[in-house]
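Here's the letter readout for the chains.
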Amino acid sequence: GENVEQHPSTLSVQEGDSAVIKCTYSDSASNYFPWYKQELGKGPQLIIDIRSNVGEKKDQRIAVTLNKTAKHFSLHITETQPEDSAVYFCAAMDSNYQLIWGAGTKLIIKP
Amino acid sequence: KAGVTQTPRYLIKTRGQQVTLSCSPISGHRSVSWYQQTPGQGLQFLFEYFSETQRNKGNFPGRFSGRQFSNSRSEMNVSTLELGDSALYLCASRGKLNTEAFFGQGTRLTVV
C-alpha cells in the first residue's frame with residue numbers, strides 16, 4: 001500500500017527566510033497531494049494541494065511542487081512570518097481514495 | 001456554511017470506562033474519517049465511513065468502533081479505556097472521496 005515519508009521532523013528558520021518541507025510517496029497511482037497546517041489546539045487545515053497532472057502550484061507565499069517520476073512533492077514557504085509557526089502535514093491519496101499522511105514537520109520561525 | 005463540529009471538546013474518563021464522541025460533518029458531506037493524535041505524533045487513521053458504510057479501517061484494536069447515521073453524523077466509541085487512549089481525536093469530512101478533507105477542532109480525551 002501507499003507509504004508517505006516526510007522530512008524534516010523539525011525545521012527552524014529565521015523570520016523572513018524560506019522554508020522547504022519534503023515528502024516522498026511509494027504508490028505511483030496516487031494522484032492528489034494536499035498539505036495541511038495545524039496550529040496549537042486546532043484541527044489541521046488545508047493550505048494548498050496539487051494533482052498529478054500539474055507540476056507546481058502557487059498561492060501567494062506558499063507553493064507546492066510535484067515530481068511524479070521521483071515520487072516526491074515539496075512545500076515551499078517564502079518570506080516566513082511568526083504566524084507560519086505550526087505543524088505541517090503532507091498526504092497522498094491512494095487508489096482507494098484514502099489519504100495517507102506523513103508524520104508531520106514542526107516549523108519554528110525565529111524572530 | 002458551518003464547519004465540521006465535534007462534541008464534546010474536552011472529556012475526562014476513568015480507566016475501564018467507555019466513551020462516545022460525536023462528529024457532525026459539513027452539510028452535504030457523506031464521508032467522515034476519524035483520527036487519533038497523541039502528543040508529538042502524527043495522524044493515526046482509525047476508520048472512514050461513507051453513506052453509513054465503513055470504507056476503510058486502520059490498525060486499532062476492536063475496542064475502537066464507529067458508526068454513521070443517515071444524516072451523515074458519525075460517532076466513535078472506545079470501550080474499556082486505557083491510559084494510552086488519552087489523545088486528541090479528530091474527525092474530517094469530505095464532499096467527494098477525491099477531494100480535500102475538512103477537519104473539526106477535535107475532542108481532547110484524557111483517561112485517568
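Here goes a summary of the coordinates provided. (Residues numbered from 1 in each chain as written. Chains lettered and ligands numbered in written order. Predicted model: local features only at pLDDT ≥ 70, side-chain atom pairs only at ≥ 80, totals over all residues. Heavy atoms only, no water.)

Observations regarding the sheet that holds strand β7 (residues 62–67) of chain A
The pairing of strands in a sheet comes from backbone hydrogen bonds and takes either a parallel or an antiparallel form. All names here are of chain A. So the rule is basically this: For two strands to be treated as a pair, DSSP must find at least two bridges joining them. Labels follow the DSSP assignment, with helices taken as runs of H or I lasting at least four residues and strands as runs of E lasting at least two, numbered in each case from the N terminus. Axis angles are defined between N-to-C directions and span 0 to 180 degrees, where every axis is a line fitted to C-alpha atoms and, for a helix, only to the segment in contact.
Here we have 5 strands laid out as an open sheet, ordered β1-β3-β8-β7-β6, and antiparallel in their pairing. Strands with a single pairing partner mark the edges of an open sheet, and in this sheet they are β1 (4–7) and β6 (56–59). On average, adjacent strands in this sheet sit at an angle of 15 degrees to one another, irrespective of strand direction. As defined by bridge partners, β7 adjoins strand β8 (residues 72–77) across 6 bridges and the pair is classed as antiparallel.

Overview of the state of the cysteines
So the rule is basically this: Cysteine sulfurs are considered disulfide-paired once they come within 2.5 Å of each other. Residue exposure (1.4 Å probe, protein chains only): buried if accessible area is under 20% of the type maximum, exposed if over 50%, otherwise partly exposed.
The tally for this structure, following the rule as stated, stands at 2 disulfides over all chains. One disulfide bridge connects Cys23 of chain A with Cys90 of chain A, the sulfur atoms lying 1.9 Å from each other. Judged by the sign of its S-S torsion, about -100 degrees, the cystine formed by Cys23 of chain A and Cys90 of chain A is left-handed. Here Cys90 of chain A lies in strand β9 (residues 86–93) and Cys23 of chain A lies in strand β3 (residues 19–25), a separation of 67 residues in the sequence. Comparing Cys23 of chain A with Cys90 of chain A shows no difference in burial state: the two are buried. Two residues, Cys23 of chain B and Cys91 of chain B, share a disulfide whose sulfurs are 1.8 Å apart. Here the S-S torsion is close to 65 degrees, and the disulfide linking Cys23 of chain B with Cys91 of chain B is therefore right-handed. Of this pair, Cys23 of chain B sits in strand β3 (residues 19–24) while Cys91 of chain B sits in strand β9 (residues 87–94), and the two are 68 residues apart along the sequence. We note that Cys23 of chain B, like Cys91 of chain B, is buried.

Description of the interface of chain A and chain B
The condition is simple: Contacts are assigned to residue pairs with any non-hydrogen atoms lying within 4.5 Å of each other. For any pair of parts, buried area is found by adding up, for both, the accessible area (1.4 Å probe) each one loses once the two are put together. A carboxyl oxygen of Asp or Glu within 4 Å of a side-chain nitrogen of Lys or Arg is what we treat as a salt bridge. Here a polar contact means two N or O atoms within 3.5 Å. Within protein one must be a hydrogen donor candidate and the other an acceptor candidate, and residues neighboring in sequence count only if both atoms are side-chain atoms.
Facing the 17 residues of chain A at the interface are 19 residues of chain B. Roughly 1,500 Å² is buried in total at the junction of chain A and chain B, and carbon and sulfur atoms are behind 50% of that figure. Inspection of the region where chain A meets chain B yields 0 salt bridges. Along the contact surface separating chain A from chain B lie 7 residue pairs in polar contact (both at pLDDT 80 or more).

Some words on unusual backbone geometry
For the bond running from His7 of chain A to Pro8 of chain A, omega is -5 degrees, close enough to zero to count as cis. Relative to the elements of secondary structure, Pro8 of chain A occurs in the loop between β1 and β2 (10–14). Here the residue pair Thr7 of chain B and Pro8 of chain B is connected by a cis peptide bond, since its omega of -10 degrees sits within 30 degrees of zero. Within the secondary structure, Pro8 of chain B sits in the loop between β1 (5–7) and β2 (10–13).

Re the nonpolar core
What counts here: Nonpolar cores are built from buried Ala, Val, Leu, Ile, Met, Phe, Trp, Tyr and Cys residues. Side-chain atoms within 4.5 Å join them into one set.
Judged by nonpolar contacts, the single largest core of 24 residues is most densely connected at Trp35, Phe73, Leu75, Tyr88 and Leu107 of chain A. Put simply, the parts of the chain that give this core at least two residues each are β2, β3, β4 (32–38), β5 (45–51), β7, β8, β9 and β11 (105–110) of chain A. Counting 21 residues, the second largest nonpolar core, distinct from the first, contains Val32, Phe47, Tyr49 and Leu109 of chain B.

With respect to the pattern of salt bridges
Within this structure, the stated rule accounts for 10 salt bridges over all chains. A salt bridge links Arg55 of chain B to Glu48 of chain B; the nearest nitrogen and oxygen atoms lie 2.9 Å apart. Two residues, Glu75 of chain B and Arg73 of chain B, come together in a salt bridge whose shortest N-O distance is 3.2 Å. One salt-bridge network, held together by shared partners, links Lys37, Glu39 and Lys42 of chain A.

Some points on the packing of aromatic side chains
Heads up, the condition is: Centres within 6.5 Å make a pair out of two Phe, Tyr or Trp rings, where for Trp the six-membered ring is used; the pair is then stacked when the planes are under 30 degrees apart, edge-to-face when over 60, and tilted otherwise.
Enumeration over the complete set of coordinates arrives at 12 aromatic pairs over all chains. Summarising the aromatic geometry, the rings of Phe33 of chain A and Phe73 of chain A are spaced 4.9 Å apart at their centres and angled 50 degrees between planes, so their arrangement reads as tilted. Within this pair, whereas Phe33 of chain A is found in strand β4, its partner Phe73 of chain A is found in strand β8, the two being separated by 40 residues in sequence. Assigned by exposure class, Phe33 of chain A and Phe73 of chain A land together as buried. Relative to Phe45 of chain B, the ring of Tyr35 of chain B lies with its centre 5.8 Å away and its plane at 65 degrees, an arrangement referred to as edge-to-face.

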